[in-house]
Amino acid sequence: MKMLVIFNFLISTLFYTVKCMNNDDDDDSWKELSFSLRTDGNGTIKSAHIQWTDRFDDTFAYAYTNENRSDLKFLYDKPRPELFVTNKFILEAFTQFLDFFQNRTKISKVTVTIPSMTDDLKKVTKRKNKYATKPEVDSFRFNSYDSFLYTEFLRLSSGIPKQFKISFFYFPERTENILNGTILYHPKVRKATELDLRTVESDTSDSALHQLECESIIVRSSTITNAGINKVLKEWQDGLRSTRYLKVVSDDVQKAEIMDGVSKRTLQRGVWEIKNRYNMSATVTVSRVPTNLYDSKPTFEFAVS
């Protein structure tokens, strides 16, 4: 009887060990996945790239182009990409990227660099795929002003991202284009832990700012008013906000209007300490002096100590 108990214990232990090893092998999560379009000096798209890093920190890359030449600069990328030459290189690369995206259960960071979604690319995101997976994504970064792109990838993923970031596709867009701030009303964007729009000018409104539940918010917008920022500070002092960091870069930052009616202690010129009903402290800074390339306008900054 004793031998039988020992035998059963060994069998159970072996079965449990094998099962755990199989579960580990079944982990299909990736650390990073990115899609990017690259242009020449004239802004013409010359190639499309996919790069991914698996859970073992091994990185791989594909490059798609319609030119079969040996002097292609991206062949010196690290890791060196596997090259595909095809006429519809953007469509085929994006389709492969989406196949990768919908074949994972979790991807820590997803980056998409693309100027706008053409009709053929939109059709790919709308395709019916009964085997598709909705991966959980911790961080989204979009180098694009196309709201269709953001909303589709939010729809195709599960959970609330910890970070949601939008940047310009190429540098001149930073002054030429205005980001449609209505994306901030998307329920997944509204509840993201960190929202970063530091490099794009947006038409974000006071109401869009007020409904955000993000712990950290960075935004460039001349449509957010001083009264709108003032309301955020008062709501935080009343314990109605969980915001821990807020930065607004704008053309018109007036410290008198922003701090009107806010209980405060002056630390130095343009810098105050404020507290909320739970005795938490925060520092408020209002500066009209540019601090760096991205913050070349007057800046408001709020940070919980």
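Conventions and cut-offs
- Residues numbered from 1 in each chain as written.
- Predicted model: local features only at pLDDT ≥ 70, side-chain atom pairs only at ≥ 80, totals over all residues.
- Heavy atoms only, no water.
- Helix = DSSP H or I, 4+ residues; strand = E, 2+ residues; numbered from the N terminus.
- Buried < 20%, exposed > 50% of the residue type's maximum accessible area, 1.4 Å probe, protein only.
- Contact = heavy atoms within 4.5 Å.
- Core = buried A, V, L, I, M, F, W, Y, C linked by side-chain atoms within 4.5 Å.
- Pairing = 2+ DSSP bridges.
- Phe/Tyr/Trp six-rings, centres within 6.5 Å; stacked < 30°, edge-to-face > 60°.
- Lys NZ or Arg CZ within 6 Å of the ring centre and 35° of its normal.
- Axes fitted to C-alpha atoms, helices over the stretch in contact; angles between N-to-C directions.
- Parallel < 35°, antiparallel > 145°, perpendicular 65-115°, else oblique.
- Left-handed = near helix turned anticlockwise from the far one by under 90°.
- Nonpolar A, V, L, I, M, F, W, Y, C, P; charged D, E, K, R; others polar.
- 1 Å grid on protein atoms, 1.4 Å probe; cavity = no way out; pocket = protein on both sides within 12 Å on 5 of 7 lines; lining within 4 Å.
- Points joined across faces, edges and corners; volume = space filled by probe spheres on them.

## Describing the side chain of S36
Inspection of the secondary structure assignment puts S36 in strand β1 (residues 30-39). On the accessibility criterion, S36 (19% relative accessible area) is buried. Contacts of S36, omitting those with residues within four sequence positions, involve S47, A48, H49 and T113.

## Focus: the nonpolar core
Counting 69 residues, the largest nonpolar core has F35, F101, F164, F300 and F302 as the members making the most contacts within it. If you tally residues by element for this core, the top one is helix α2 (residues 89-101), at seven residues. Filtering out sequence-adjacent residues up to four positions away, F164 remains in contact with F140, F142, Y150, L154, I183, V189, A192, E194, L195 and D196.

## Considerations on the environment of T243
Residue placement: T243 occurs in the loop between α8 (226-237) and β10 (245-249). By relative accessible area, which is 4% here, T243 ends up buried. Among all residues touching T243, those that are not within four sequence positions of it are C214, E215, W236, F302 and V304.

## Quick look at the pairing of strand β3 (residues 59-65)
Burial analysis of β3 places five of its seven residues in the buried class, the great majority of the element. As paired elements, strand β2 (residues 45-54) and β3 share six bridges and run antiparallel to each other. From the neighbouring strand, A48 faces β3, where its bridge partner is Y64. Between β2 and the antiparallel strand that follows it, β3, lie four residues; D57 among them carries a positive phi value of about 70°. Pairing of β3 with strand β4 (residues 82-85), which is carried by four bridges, proceeds in the parallel orientation. Along β4, the bridge assignment pairs Y62 with E82.

## Comments concerning the packing of aromatic side chains
Per the stated rule, a full pass over the model turns up 20 aromatic pairs. Ring centres of Y62 and F100 lie 6.0 Å apart, and the angle between their planes is 35°; on these two criteria the pair is classed as tilted. Taken together, the positions of Y62 in strand β3 and F100 in helix α2 put the pair 38 residues apart, joining distant regions of the chain. Across the pair, F100 and Y62 agree in class, each one buried. Taking the centre distance of 6.3 Å and the plane angle of 90° together, the rings of Y150 and F164 count as edge-to-face. Note that Y150 is positioned in helix α4 (residues 147-155) and F164 in strand β7 (residues 163-167), a separation of 14 residues in sequence. Among the aromatic residues, those joined into a cluster by ring pairs are F35, F94, F97, F101, F140, F142, Y150, F153 and F164. Over the ring of W30 we find R104, and its NZ or CZ is 4.2 Å from the ring centre.

## Notes on the environment of T266
Turning to its location among the elements, T266 is positioned in strand β11 (residues 265-268). Separated by 18 residues in the primary sequence, T266 and V284 have C-alpha atoms spaced 9.6 Å apart. Setting aside chain neighbours within four positions, we find T266 in contact with V271 and W272.

## Topic: the packing of α2 against helix α3 (residues 119-126)
Relative to each other, α2 and α3 sit at 20°, their axes nearing to 10 Å. On the basis of the axis angle, α2 is roughly parallel to α3. Two packed elements cross with a definite hand, and for α2 against α3 that hand is right-handed. Note on element contacts: α3 touches α2 through D120, L121, V124 and T125, opposite I90, L91, F94, T95 and L98. Taken together, the residues of the contact of α2 with α3 break down into six nonpolar, two polar and one charged.

## Here's the deal with the layout of surface pockets
Estimates place the volume of the largest pocket at around 240 Å³. As for the largest pocket, its lining consists of 12 residues, of which K46, S47, L72, K73 and F74 are closest to the centre. Looking at the second largest pocket, its volume works out to about 160 Å³. For the second largest pocket, the lining is made up of 11 residues, of which K255, G270, V286, S287 and R288 are closest to its centre.

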